[in-house]
Amino acid sequence: VADEDARYVAVSMEFDTASLRPTYRLMWGAVGASNALSIARTLGFDGAVVNEAQVIARTLMDAQENRSERAAATAASLVR
């Protein structure tokens, strides 16, 4: 939303992956990453399950990026 509307700004909470705890430090202008899979691995979840989840997450993110690129190209073609 922050990319599209100046009334919003991206903010994320810094997270210490070594201690698995938030630092409670706000990172203004930064989009935060989910640490769920790192935490799951550290907590002893089955490595094969975590690895498969990472593959699925990457696939979904790539698909979203491709959709965004196609949408931008379509929008650009409409204003030419």
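Since the structure is predicted, the reported quantities are computational estimates derived from the model, not experimental observations.

Caption draft 1: Highlighting the overall build of the protein. Within the protein one finds two helices and two strands. Moving toward the C terminus, one meets the helices and strands of the protein in the order β-β-α-α. In terms of overall size, the protein is more extended than a compact globule, its C-alpha atoms giving a radius of gyration of 17 Å where 80 residues would be expected to give roughly 12 Å. If you line up the protein on its principal axes, its C-alpha atoms span 55 × 30 × 10 Å.

Caption draft 2: Molecular detail of the pattern of salt bridges. In the structure shown here, the tally under the stated rule is two salt bridges. One salt bridge in this structure joins Asp5 and Arg7, with 2.6 Å as the shortest N-O distance. Classification of Arg7 as exposed rests on a relative accessible area of 69%. The shortest N-O distance in the salt bridge between Glu14 and Arg25 comes to 3.2 Å. Taken together, the positions of Glu14 in strand β1 (residues 11–16) and Arg25 in strand β2 (residues 21–28) put the pair eleven residues apart, joining distant regions of the chain.

Caption draft 3: Structural context of the pairing of β2. Little of β2 is tucked away, with zero of its eight residues classed as buried. Taken together, the five bridges between β1 and β2 define a ladder with antiparallel strand orientation. Across the sheet, residue Met13 finds its bridge partner in β2, namely Leu26. In textbook terms, the turn of a hairpin is the stretch between consecutive antiparallel strands, and for β1 and β2 this stretch comprises four residues, one of which, Leu20, has a positive phi near 60°.

Caption draft 4: Local environment of helix α2 (residues 47–78). Across its 32 residues, α2 extends 47 Å between first and last C-alpha, which sits within 8% of the 46 Å expected from 1.5 Å per residue. Measuring from the side-chain oxygen of the N-cap residue of α2 to the backbone nitrogen of Ala48 gives 2.7 Å; that N-cap residue is Asp46.

Caption draft 5: Structural detail: unusual backbone geometry. Of note, the phi angle at Leu20 is positive, near 60°, even though the residue is not glycine. Of note, Leu20 is situated in the loop between β1 and β2. Here Leu20 falls in the partly exposed class, since its relative accessible area comes to 24%. The backbone of Tyr24 shows a phi angle near 65°, a positive value even though the residue is not glycine. Mapped onto the elements, Tyr24 comes out in strand β2. Among the residues examined, Tyr24 registers a relative accessible area of 66% and is labelled exposed.

Quick notes on the rules
Residues numbered from 1 in each chain as written. Predicted model: local features only at pLDDT ≥ 70, side-chain atom pairs only at ≥ 80, totals over all residues. Heavy atoms only, no water. Helix = DSSP H or I, 4+ residues; strand = E, 2+ residues; numbered from the N terminus. Rg over C-alpha atoms; globule rule 2.2 N^0.38 Å. Salt bridge = Lys/Arg side-chain N within 4 Å of Asp/Glu carboxyl O. Buried < 20%, exposed > 50% of the residue type's maximum accessible area, 1.4 Å probe, protein only. Pairing = 2+ DSSP bridges. Expected span 1.5 Å × (residues − 1). Polar contact = N/O pair within 3.5 Å; in protein donor to acceptor, adjacent residues only side chain to side chain.

The quantities given are spatial measurements derived from coordinates; they are silent on function.
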